[in-house]
Amino acid sequence: MAQSAVADDVFYALSNATRRKVLEQLSVGPATVSELAAPFDMKLPSFVQHLSVLERSGLVTSEKRGRVRTYEIAPEPFRVAEDWLTERRRSWESRLDRFDEYVRRLKEKESRP
């Protein structure tokens, strides 16, 4: 999958508050579907759709043992998002540094007699 498509999937998965809360739960360690669903006031099929989005994005992986499915975080896709944000931050900082330099030069010109 192309890097851009991975980033799209990751940011789509992160765009929902329920999915972000699930990821917060999983940051503590692996959990079963019922453990993950417990804090949410929604029907299980709706909740499982959120888990499917997270799994398709690669942010989580699951394993089924008997009738119990357990999810855990997969760190690699987070790096895709982090790299994208880091690149944007560099660009913004560069632009702000140039603007800061421009304003400094303007102030110097204004303060000259």
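Keep in mind that what you see is a predicted model, and the values were worked out from it rather than measured.

(A) Structural context of the pairing of strand E3 (residues 68-73). Where strand E1 (residues 31-32) lies against E3, 2 bridges are found, and the strand directions are antiparallel. Counterpart to threonine 32 in the pairing with E3 is threonine 70. Here strand E2 (residues 60-65) pairs with E3 via 6 bridges, running antiparallel. Bridge pairing in E3 links valine 60 to isoleucine 73. Connecting E2 to the next strand, E3, in antiparallel fashion are 2 residues, including glycine 66 with a positive phi near 65°.

(B) A look at helix H2 (residues 17-26). What H2 keeps buried is the set Thr18, Arg19, Val22, Leu23 and Leu26. On an axial view of H2, the arc spanned by its buried residues comes to 140°, and they lie on one face. Taking the backbone nitrogen of threonine 18 as reference, a side-chain oxygen 2.8 Å away marks asparagine 16 as the first, capping residue of H2.

(C) Structural view of the packing of aromatic side chains. For the coordinates displayed, the defined rule picks out 2 aromatic pairs. Relative to tryptophan 84, the ring of phenylalanine 11 has its centre 5.3 Å away and its plane inclined at 70°; by these criteria the two rings are edge-to-face. One end of the pair, phenylalanine 11, is in helix H1 (residues 3-14); the other, tryptophan 84, is in helix H5 (residues 76-111), and 73 residues separate them in sequence. Accessibility expressed as a relative area gives 29% for phenylalanine 11, which makes it partly exposed. Its relative accessible area of 40% is what places tryptophan 84 among the partly exposed residues. Here the basic side chain of arginine 19 rests over the ring of tyrosine 12, its NZ or CZ set 5.0 Å away from the ring centre. The side chain of arginine 88 reaches across the aromatic face of tryptophan 84, ending 5.0 Å from its centre.

Cut-offs applied
Residues numbered from 1 in each chain as written. Predicted model: local features only at pLDDT ≥ 70, side-chain atom pairs only at ≥ 80, totals over all residues. Heavy atoms only, no water. Pairing = 2+ DSSP bridges. Helix = DSSP H or I, 4+ residues; strand = E, 2+ residues; numbered from the N terminus. Buried < 20%, exposed > 50% of the residue type's maximum accessible area, 1.4 Å probe, protein only. Arc of directions from axis to C-beta. Polar contact = N/O pair within 3.5 Å; in protein donor to acceptor, adjacent residues only side chain to side chain. Phe/Tyr/Trp six-rings, centres within 6.5 Å; stacked < 30°, edge-to-face > 60°. Lys NZ or Arg CZ within 6 Å of the ring centre and 35° of its normal.

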